[in-house]
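Here is how the chains run, residue by residue.
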Amino acid sequence: SQQGEEDPQALSIQEGENATMNCSYKTSINNLQWYRQNSGRGLVHLILIRSNEREKHSGRLRVTLDTSKKSSSLLITASRAADTASYFCATSYYQLIWGAGTKLIIKP
Amino acid sequence: DVKVTQSSRYLVKRTGEKVFLECVQDMDHENMFWYRQDPGLGLRLIYFSYDVKMKEKGDIPEGYSVSREKKERFSLILESASTNQTSMYLCASSSWDNGYGYTFGSGTRLTVV
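Residues numbered from 1 in each chain as written. Chains lettered and ligands numbered in written order. Predicted model: local features only at pLDDT ≥ 70, side-chain atom pairs only at ≥ 80, totals over all residues. Heavy atoms only, no water.

1. Here's the deal with the interface of chain B and chain A
With 22 residues of chain B at the contact, the number on the chain A side is 19 residues. Where chain B packs against chain A, one counts 0 salt bridges. Where chain B meets chain A, there are 5 residue pairs in polar contact (both at pLDDT 80 or more). For the side of chain B that touches chain A, the secondary-structure elements that each account for two or more residues are strand E5 (31-38), strand E6 (42-49) and strand E10 (87-94) of chain B. Top contributing element to the side of chain B that touches chain A by residue count: E6(B), with 4 residues. The residue inventory of the side of chain B that touches chain A, partitioned by class, reads 11 nonpolar, 7 polar and 4 charged. (Contact = heavy atoms within 4.5 Å. Salt bridge = Lys/Arg side-chain N within 4 Å of Asp/Glu carboxyl O. Polar contact = N/O pair within 3.5 Å; in protein donor to acceptor, adjacent residues only side chain to side chain. Helix = DSSP H or I, 4+ residues; strand = E, 2+ residues; numbered from the N terminus. Nonpolar A, V, L, I, M, F, W, Y, C, P; charged D, E, K, R; others polar.)

Right, dumping it as structure tokens:
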């Protein structure tokens, strides 16, 4: 059962630009997590933001969480070709519930 | 530093065969999960385990079983493989703290012919 919905489903930008992906969810959460998946590979955990946090940074990644709107955004600054991947959000209460992902393409 | 290892990257099996997918983690995590991933359907949870010899059904357990005899190993079993079980299978582990999210294996792409 999917709770998270990423938006947009696909995003294509030029290298060096910023990429923003959004995630909306439906029910209460303990935390929200973002993952990256390169084509045909497993998922890699990027960042976790707890329900009492509003913003978190990790390198070129910035995640915000608005629990009143039940939404989160992932910002990748100064994108690189290697950032080309699918990005998933997952919300955690007792289990992780996954969105369908955003496919990000960085054009050189 | 591989932390979650899935035994095969690619697997081709015949309809009706019994298939074992193995997953081993070296992080002493309590929780282990099996997902399948299909285009347009995202990740779907098959089974999970919170402790040794414990198993819980996920969203799509039909046609699958699991075994967790040791903390570090979680096996997914397809009792009688069918073509609709052709998919990417992903194993993951996590700790109760969950401060670092899930750690995934590289996935096994299973084709049933």
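2. Brief notes about unusual backbone geometry
Residue Asp7(A) is joined to Pro8(A) through a cis peptide bond whose omega torsion reads 0°. Within the secondary structure, Pro8(A) sits in the loop between strand E1 (5-7) and strand E2 (10-14). One non-glycine residue, Lys70(A), adopts positive backbone phi at about 50°. With respect to the helices and strands, Lys70(A) occurs in the loop between strand E7 (61-66) and strand E8 (71-76). A positive phi angle, close to 65°, is found at Lys53(B), a residue other than glycine.

3. Structural notes on the sheet that holds E7(A)
Residue and element names in this part refer to chain A. Strand order in the open sheet formed by 5 strands is E1-E3-E8-E7-E6, and the pairing between neighbours is antiparallel. Single-partner strands in this sheet number two, and they are E1 and strand E6 (55-58). On average, each strand axis in the sheet is tilted by 20° relative to the strand beside it, whichever way the strands run. (Pairing = 2+ DSSP bridges. Axes fitted to C-alpha atoms, helices over the stretch in contact; angles between N-to-C directions.)

4. Details of the packing of aromatic side chains
Evaluated as defined, the whole model comprises 11 aromatic pairs over all chains. On the basis of an interplanar angle of 85° and a centroid distance of 5.8 Å, the ring pair of Tyr35(A) and Phe104(B) is categorised as edge-to-face. On the criterion of chain membership, the pair formed by Tyr35(A) in strand E4 (residues 31-37) and Phe104(B) in strand E11 (residues 103-104) is interchain, its members lying in two chains. Judged by relative accessible area, Phe104(B) falls into the buried class, the value being 8%. Ring centres 6.4 Å apart and planes at 40° place the aromatic pair Tyr102(B) and Phe104(B) in the tilted group. Overall, the relative accessible area of 5% leaves Tyr102(B) in the buried class. A network of ring pairs unites the aromatic residues Tyr35(A), Trp98(A), Phe33(B), Tyr35(B), Phe48(B), Tyr50(B), Tyr102(B) and Phe104(B) as a single cluster. (Phe/Tyr/Trp six-rings, centres within 6.5 Å; stacked < 30°, edge-to-face > 60°. Buried < 20%, exposed > 50% of the residue type's maximum accessible area, 1.4 Å probe, protein only.)

5. Considering the pattern of salt bridges
As enumerated under the stated definition, the model contains 9 salt bridges over all chains in all. Between Glu53(A) and Lys56(A) there is a salt bridge; the shortest N-O distance is 3.9 Å. One salt bridge connects Arg36(B) with Asp38(B), and the closest N-O pair in it is separated by 2.9 Å. Arg36(B) sits in the buried class, given a relative accessible area of 8%.

6. Focus: the nonpolar core
The biggest cluster of nonpolar side chains holds 22 residues, and the ones touching the most others in it are Leu32(A), Trp34(A), Leu74(A), Ile76(A), Tyr87(A) and Leu104(A). When residues of this core are traced back to their parent elements, those giving at least two are E2, strand E3 (19-24), E4, strand E5 (43-50), E7, E8, strand E9 (85-92) and strand E11 (102-107) of chain A. Contact partners of Ile76(A), with chain neighbours within four places excluded, come to Glu17(A), Asn18(A), Ala19(A), Met21(A), Arg60(A), Leu61(A), Asp83(A), Tyr87(A) and Leu104(A). In this structure, Trp34(B), Ile60(B), Tyr64(B) and Leu110(B) belong to the second largest nonpolar core, which totals 20 residues. (Core = buried A, V, L, I, M, F, W, Y, C linked by side-chain atoms within 4.5 Å.)

Everything listed is a geometric property; what it means functionally is a separate question.
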